[in-house]
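Here is how the chains run, residue by residue.
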Amino acid sequence: MRFDVLTLFPEMFSAIKESIIGRAEQAELIEIHPVNIRDFANNKHNRVDDYPYGGGAGMVMQAQPIYDAYKSLAGENKTIPVIYMSPQGRKLTQSMASDIAKHDHVILLCGHYEGVDERIIEEIVTEEISIGDYVLTGGELPAMVLIDVVSRLIPGVLADDSTKEESFSNGLLEYPQYTRPEEFMGRKVPEVLLSGHHENIRKWREEQSLLRTKQKRPELLDKEVK
Ligand code: 4H7
């Protein structure tokens with residue numbers, strides 16, 4: 001799967017090339033391709049923002065450099081999803097991530113300042129996505145969150161295919177995990193996990209998942225599992 005990213009800060013994406021996502025890119029399971037919108041400025045000072053019509057605080061990202069950067073990637077192909085990372089978007093969920101993972105190419109648009117000229121949203125954006133109800137200085141961190149969430153759903157990216165059992169896929173929180181030693185600061189690993197009785201372990205974990213969800217995120221129990 002290929003993620004093209006339209007951004008004013010392409011260097012930020014070196015952060016996501018570490019760890020599991022970095023390994024997935026090495027293995028050519030995914031490709032992350034940041035494109036600097038500033039390279040498409042058509043004035044001698046490389047300006048890509050301007051004052052908002054009607055006045056008010058801050059600057060707005062101009063349509064032309066974003067459009068030209070987009071065209072350099074998509075050409076005449078109008079079928080590639082263009083996702084604008086914005087606080088006004090639909091809030092990202094695990095089930096939205098599964099849908100995005102079905103595409104083999106997406107373009108992510110990262111806004112800065114007061115956002116982009118509205119005509120870019122009308123002309124090229126197919127979906128607006130938010131990562132949560134809080135304000136950030138730019139869309140780059142949300143784009144990296146989306147790339148991480150989607151990439152780990154691609155077959156081969158995770159060593160084990162654990163994604164079917166995890167939180168938000170089955171609608172429950174995950175059960176508690178323990179590793180060696182058997183006793184730490186006087187706290188023992190639950191006996192059942194040492195028993196080797198797989199059916200009892202499965203039942204205990206299922207109970208713990210349900211108990212935790214009731215305690216920590218009761219609202220998840222009212223949701224339908226997609
Ligand atoms: C697009 C439009 C995403 C991008 C507006 C982006 C939060 C999220 C941004 C803005 C983002 C999220 C304009 C919002 C200036 C903040 C003061 C960049 N913030 N800005 N406002 N929740 N910020 O996914």
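Residues numbered from 1 in each chain as written. Predicted model: local features only at pLDDT ≥ 70, side-chain atom pairs only at ≥ 80, totals over all residues. Heavy atoms only, no water.

Caption draft 1: Up close: the overall build of the chain. Along the chain, the regular secondary structure elements total 6 helices and 9 strands. A compact globule built from 226 residues should have a C-alpha radius of gyration of about 17 Å, whereas the chain, at 22 Å, is more than 25% larger. Each principal axis of the C-alpha atoms in the chain carries an extent, and together these give about 70 × 40 × 35 Å. For the chain, with 226 residues in total, the buried portion stands at 41%. As presented, the chain carries roughly 14,100 Å² of accessible surface, and 50% of it is formed by carbon and sulfur atoms. Seen as two clouds, the 26 positive and the 37 negative side-chain charges of the chain have centres 5 Å apart. (Helix = DSSP H or I, 4+ residues; strand = E, 2+ residues; numbered from the N terminus. Rg over C-alpha atoms; globule rule 2.2 N^0.38 Å. Buried < 20%, exposed > 50% of the residue type's maximum accessible area, 1.4 Å probe, protein only. Areas by Shrake-Rupley, 256 points an atom, 1.4 Å probe, with all protein chains shown as cover. Lys, Arg positive; Asp, Glu negative; His and termini not counted. Charge placed at Lys NZ, Arg CZ, Asp CG, Glu CD.)

Caption draft 2: Quick peek at the site of the ligand. Around the ligand sit 16 residues, and of these Y84, Y113, I131, G132 and L136 come closest. Contact distances for the ligand include 3.2 Å between a nitrogen atom and a side-chain N or O atom of S130. L136 is positioned such that a nitrogen or oxygen atom in its backbone is 2.9 Å from a nitrogen atom of the ligand. Here the element with the most residues in the shell around the ligand is strand 5 (residues 82–91); it accounts for 4 residues. Residue classes in the shell around the ligand are distributed as 9 nonpolar, 6 polar and 1 charged. (Near = heavy atom within 4 Å. Polar contact = N/O pair within 3.5 Å; in protein donor to acceptor, adjacent residues only side chain to side chain. Nonpolar A, V, L, I, M, F, W, Y, C, P; charged D, E, K, R; others polar.)

Caption draft 3: Quick look at the sheet that holds strand 6 (residues 105–110). With parallel pairing, the 5 strands of this open sheet are ordered in space as 2-1-6-5-7. The sheet is open, and its two edges are formed by strand 2 (31–36) and strand 7 (127–130), each paired on a single side. For this sheet, the mean angle separating the axes of adjacent strands, direction not counted, is 35°. In this structure, strand 5 lies alongside strand 7, joined through 5 bridges in parallel fashion. Residue R90 lies in a different strand from strand 7, and its bridge partner there is I129. Sheet strands in contact with helix 5 (residues 140–151) are strand 1 (2–7), strand 2, strand 5, strand 6 and strand 7, and its direction is about 175° off that of strand 1. (Pairing = 2+ DSSP bridges. Axes fitted to C-alpha atoms, helices over the stretch in contact; angles between N-to-C directions. Contact = heavy atoms within 4.5 Å.)

Caption draft 4: Expanded view of the pattern of salt bridges. Tallied over the full model, the rule gives 14 salt bridges. In this structure, the salt-bridge partner of D133 is K91, at a minimum N-O distance of 3.1 Å. A residue pair is termed long-range when its members are at least 10 positions apart, and D133 in the loop between strand 7 and helix 5 and K91 in strand 5 qualify at 42 residues. Classification of D133 as exposed rests on a relative accessible area of 63%. (Salt bridge = Lys/Arg side-chain N within 4 Å of Asp/Glu carboxyl O.)

Caption draft 5: Local environment of the confidence of the model for the chain. Confidence in the prediction of the chain, expressed as mean pLDDT, is 96, and 100% of residues score 70 or more. The least confident element of the chain, judged by mean pLDDT, is helix 1 (residues 19–26) at 94; the most confident is strand 6 at 99. (pLDDT = per-residue confidence, 0-100.)

Caption draft 6: Structural context of the packing of aromatic side chains. Within the structure shown, the criterion is met by 1 aromatic pair. Look at Y67 and Y70: their rings are 6.2 Å apart centre to centre, the planes differ by 45°, and that puts the pair in the tilted class. Here the residue Y67 and the residue Y70 both occupy positions in helix 2 (residues 63–74), the gap between them amounting to 3 residues, near one helical turn. On the basis of relative accessible area, Y67 is assigned to the partly exposed category, the value being 28%. (Phe/Tyr/Trp six-rings, centres within 6.5 Å; stacked < 30°, edge-to-face > 60°.)

Caption draft 7: Main features of the environment of K164. As for its placement among the helices and strands, K164 is situated in the loop between helix 5 and strand 8 (183–184). Taking the C-alpha atoms as reference, K164 lies 24 Å from E31; in sequence the two are 133 residues apart.

Caption draft 8: Region of interest: the environment of S209. Following the sequence through the fold, S209 ends up in helix 6 (residues 198–216). Considering only alpha carbons, one finds S209 and L173, 36 residues apart in sequence, at a separation of 5.5 Å. Not counting residues within four places of it along the chain, the set of residues in contact with S209 comprises L172, L173, E174 and Y175. Separated by 2.9 Å, the side chain of S209 and the backbone oxygen of L173 make a polar contact.

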